Amino acid sequence: MKQELIFEDLITVTQPSLPDFNSYIEHIKGIWDRKWLTNNGPLHEEFKEKLSSYLRTPNVELFTNGHLALETAIKSLNLTGEVITTPFTFASTIHAITNCNLKPIFCDVDPVTYNIDINKIESLITSETSAILAVHVFGQPCDVEGIERIAETHNLKVIYDAAHAFGVKVNGTDIANFGDISMFSFHATKVFHSIEGGMLSYQDESLSTKLRALKNFGMTSAEKVEYVGSNAKMNEFQAAMGLCNLEKINQDISLRKEVFYTYHEWLNKIDSIQLFNFENSITPNFSYYPILMDDYEQRNRLAMRLKEYNVVARKYFYPLCSQFDCYDFSIESTPIAADISDRVLCLPMYSELSVENAKQICEIIRYELGDEIVSRY
Ligand SMILES: *Cc1c(COP(=O)(O)O)cnc(C)c1O
């Protein structure tokens, strides 16, 4: 331990970005006059329009959270049987598949992007397969063209869990425009948030009526219930928070970028740390800062040491979803995902993390790994 590097206040792995207090109050004032709190209120409609234009994607629907948005996406496409997906994701992805009475089939991931490996998808396709549910892990886009090719050949639907990927672009095209449907999470811990919240962007305009019904008990009018729906509507207070945060999203992302490259600069000389990189064709949102360590013990040791300095780093995603107690799957078919899960560690990353603090975190890491670095030479 190096005493002078200990942080006085806890540095969490993420911290919600809050708008100016008065700006939020201004946005919610009208709610008291209108007495319209939820069910497609005016703030909801304004938020929807602004998102569609910010993300340059024509069709969007808002939800009370990302998870219910994902379940609604699955239901809206009438999927059956098996869905090919990744075990290296947040619990929500796999729970959504399972809650819709479908079977997740785990495909291994690419060792560089941590995303579903498109070369391993086709061997998992059976007569039962109806869709691919891929995740843009840590905001790194999947091989969207490769996935589209496979889906077309085998007549499969494609859903993207884009919970981490708000504002990310591939060759200048926003990530919201790929696959049949993409789900974005606006949870407080994400790059962009509306306290809790979620959004679907979708290609087939005619899905709109069904998506809107599914999030409102399956009702298509006051006396007509066409679907076994759920309640997943976004309320006006969420929309107001989203509107405020949308005004400063570009600034938030550029602040994250500074933190990201500060870490990069200070950590890239450490042999036992593998950094997370983006190709030039990608416009990232810098949602997470994952590092890959040499092995499981070293990763766990570093996470524990960081705690002693008041720094919280998280093992995203460990364990793999296929290892959860509530499921009965094996991890043998996804050795690369298992290996990454054992070695990954996400460092603190949020827009208000100062460059100074990021440097200090790097100093701690270099100090704590010092013996290990020296012993390599
Ligand atoms: C956060 C997250 C979700 C769920 O979103 P909520 O808005 O929290 O319901 C789904 N998938 C991934 C990969 C996530 O990180």
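Residues numbered from 1 in each chain as written. Predicted model: local features only at pLDDT ≥ 70, side-chain atom pairs only at ≥ 80, totals over all residues. Heavy atoms only, no water.

(A) Broad picture of a nonpolar patch on the surface. A cluster of nonpolar side chains, contributed by F217, M219 and V225, occupies part of the molecular surface with about 270 Å² of accessible area. With respect to the helices and strands, V225 occurs in strand β11 (residues 224–225). Taking the relative accessible area as the measure of exposure, V225 reaches 57% and is therefore exposed. (Patch = residues over 30% accessible without salt bridge, like charges linked within 9 Å, V, L, I, M, F, W, Y side chains within 5 Å. Areas by Shrake-Rupley, 256 points an atom, 1.4 Å probe, with all protein chains shown as cover. Salt bridge = Lys/Arg side-chain N within 4 Å of Asp/Glu carboxyl O. Helix = DSSP H or I, 4+ residues; strand = E, 2+ residues; numbered from the N terminus. Buried < 20%, exposed > 50% of the residue type's maximum accessible area, 1.4 Å probe, protein only.)

(B) How the structure looks around the sheet that holds strand β6 (residues 169–170). A sheet is described by the order of its strands in space; here 3 strands give the open sequence β7-β6-β12, paired in antiparallel fashion. Only two strands of the sheet have a single neighbouring strand rather than two, namely β7 (173–174) and β12 (282–283). Here 2 bridges tie β6 to β12, and the two strands are oriented antiparallel to one another. Each bridged residue has a counterpart across the sheet, and for V170 the counterpart in β12 is I282. (Pairing = 2+ DSSP bridges.)

(C) Broad picture of the confidence of the model for the chain. Looking at the chain as a whole, its pLDDT mean stands at 97, while 98% of the residues score no less than 70. Ranking the helices and strands of the chain by mean pLDDT puts strand β5 (residues 157–161) first, with 99, and helix α12 (residues 370–375) last, with 59. (pLDDT = per-residue confidence, 0-100.)

(D) Quick look at the pattern of salt bridges. On inspection of all chains with the given rule, the structure shows 10 salt bridges. For E61, the salt bridge identified is with K48, shortest N-O distance 3.1 Å. Placement of E61 in strand β1 (residues 60–63) and of K48 in helix α2 (residues 42–54) is noted, with a sequence separation of 13 residues between them. Residue classification places K48 among the buried residues on the basis of a relative accessible area of 15%.

(E) Region of interest: the packing of helix α3 (residues 66–76) against helix α4 (residues 91–99). Close contact between α3 and α4 brings their axes to 9 Å; oriented N to C, the two are set at 40°. Accordingly, the angle class assigned to the pair α3 and α4 is oblique. Note that α3 runs across α4; the crossing there is right-handed. Along the contact surface, α3 presents H67, L70, E71 and I74, while α4 presents S92, T93, H95, A96, I97 and N99. (Axes fitted to C-alpha atoms, helices over the stretch in contact; angles between N-to-C directions. Parallel < 35°, antiparallel > 145°, perpendicular 65-115°, else oblique. Left-handed = near helix turned anticlockwise from the far one by under 90°. Contact = heavy atoms within 4.5 Å.)

(F) How the structure looks around the layout of surface pockets. If you add up the space inside the largest pocket, you get close to 620 Å³. Along the walls of the largest pocket sit 34 residues, with F90, H164, T189, K190 and Y288 positioned nearest its centre. Counting residues per element, the ones that place at least two in the lining of the largest pocket are α3, α4, β8 (181–185) and β14 (344–347). A per-element tally of the lining of the largest pocket places α4 first, with 3 residues. Among the residues forming the lining of the largest pocket, the class breakdown is 15 nonpolar, 13 polar and 6 charged. Of the domains in this structure, domain 1 (3–16 + 249–368) and domain 2 (21–246) are the two that each give at least three residues to the lining of the largest pocket. Its volume calculated, the second largest pocket comes out at about 480 Å³. Along the walls of the second largest pocket sit 23 residues, with T113, P141, C142, D143 and E279 positioned nearest its centre. Two domains each provide a minimum of three residues to the lining of the second largest pocket, namely domain 1 (3–16 + 249–368) and domain 2 (21–246). (1 Å grid on protein atoms, 1.4 Å probe; cavity = no way out; pocket = protein on both sides within 12 Å on 5 of 7 lines; lining within 4 Å. Points joined across faces, edges and corners; volume = space filled by probe spheres on them. Nonpolar A, V, L, I, M, F, W, Y, C, P; charged D, E, K, R; others polar. Domains from an automatic or database assignment.)

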